[in-house]
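Results of the structural survey
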Amino acid sequence: MTITVEERHTDKAALADMVLRALSDWFGIEEATQDDIDAADRLPMLAARRDDKSIGFTSLEIVTPGTINIHAIGVLPDHHGSGAGRALIAATIDRCRQQNVRLLTVKTLSDASDDPFHAGTRQFYTAMGFAPAAEIPDLYDPRNPCLVMARMVDRI
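Residues numbered from 1 in each chain as written. Predicted model: local features only at pLDDT ≥ 70, side-chain atom pairs only at ≥ 80, totals over all residues. Heavy atoms only, no water.

**Examining the environment of Lys107**
- Within the element layout of this structure, Lys107 appears in strand β5 (residues 103-109).
- The spacing of Lys107 and Ser24 is 83 residues in sequence and 17 Å in space, taken between C-alpha atoms. (Helix = DSSP H or I, 4+ residues; strand = E, 2+ residues; numbered from the N terminus.)

Written as structure tokens, this is what we have:
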């Protein structure tokens, strides 16, 4: 029942596809979901496993030499609350430290939207030490205003 997180080098798009399509309440716009799947295939990926089954992932993009952005993160619904998301964030922070990266960012739907699923996502990120850094109302589209959240990686 232990959750492990490892870097994944193969079948990255397949894992992203499986997880993101199971999270249609968060990833319900087909074009955006496909973009996240395509990006996962080319970006570094960390995968969460439980009992030899892949249950989640995060794909990471280097923004600057000192900043990594979580491009996408997801955990299969049956494993929400299991600690897999926390394990993925902790492994991402460890990776940042190894690469002398000081800032970790993530984009999500801002609270200007009343979406209850993303409200929980923002609570999760806040519990993981992220704070709102910027709101970009038109990054996605006006109905889906973006919130950039950030945290220093030298703090857990």
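**Comments concerning the pattern of salt bridges**
- Here the structure, examined in full by the defined rule, presents four salt bridges.
- Here Arg97 makes a salt bridge to Asp94, at a shortest N to O gap of 3.9 Å. One end of the pair, Arg97, and the other, Asp94, are both in helix α3 (residues 84-98), three residues apart, so they sit about a helical turn from each other. (Salt bridge = Lys/Arg side-chain N within 4 Å of Asp/Glu carboxyl O.)

**With respect to the environment of Phe130**
- Within the secondary structure, Phe130 is located in the loop between α4 (116-127) and β6 (131-141).
- The exposure class assigned to Phe130 is buried, which follows from its relative accessible area of 3%.
- Note: C-alpha distance between Phe130 and His79 (51 residues apart in sequence) is 22 Å.
- Those residues within four positions of Phe130 in sequence are excluded, and the remaining contacts are Ile70, Ile89, Leu104, Thr105, Val106, Tyr125, Met149, Ala150 and Arg151. (Buried < 20%, exposed > 50% of the residue type's maximum accessible area, 1.4 Å probe, protein only. Contact = heavy atoms within 4.5 Å.)

**Quick look at the state of the cysteines**
- Tallying each qualifying case throughout the model produces zero disulfides.
- Unpaired in terms of disulfides, Cys96 finds its nearest cysteine sulfur in Cys146, a separation of 18 Å.
- According to the relative accessible area criterion, Cys96 is buried, its value standing at 1%.
- In this structure Cys146 comes out as buried when scored by relative accessible area, which is 0%. (Disulfide = S-S within 2.5 Å.)

**Some details on the sheet that holds strand β4 (residues 67-75)**
- Here seven strands make up an open sheet; going across it, the order is β1-β2-β3-β4-β5-β7-β6 and the pairing mixed. The sheet is open, and its two borders are formed by β1 (3-8) and β6, each paired with just one other strand. The average undirected angle you get between the axes of adjacent strands in this sheet is 30°.
- With eight bridges connecting them, strand β3 (residues 53-64) and β4 associate as antiparallel partners. Bridge assignment links Thr64 to a residue of β4, and that residue is Thr67. (Pairing = 2+ DSSP bridges. Axes fitted to C-alpha atoms, helices over the stretch in contact; angles between N-to-C directions.)

**Some remarks on the pairing of β6**
- Note: β6 against strand β7 (residues 144-152), six bridges, orientation antiparallel. Within β7, the position partnered with Pro132 by the bridge is Met149.
- Hairpin geometry of β6 and β7 is characterised by an intervening segment of two residues between the two adjacent antiparallel strands.

**Notes on α3**
- Taking 1.5 Å per residue as the helical rise, α3 with its 15 residues ought to reach 21 Å, and the 21 Å between its terminal C-alpha atoms agrees with that figure.
- Within α3 the residues assigned to the buried category are Ala84, Gly85, Leu88, Ile89, Ala91, Thr92, Ile93, Arg95 and Cys96.
- Taken from the residues just after α3, Asn100 is the one with a positive phi, measuring 55°. (Expected span 1.5 Å × (residues − 1).)

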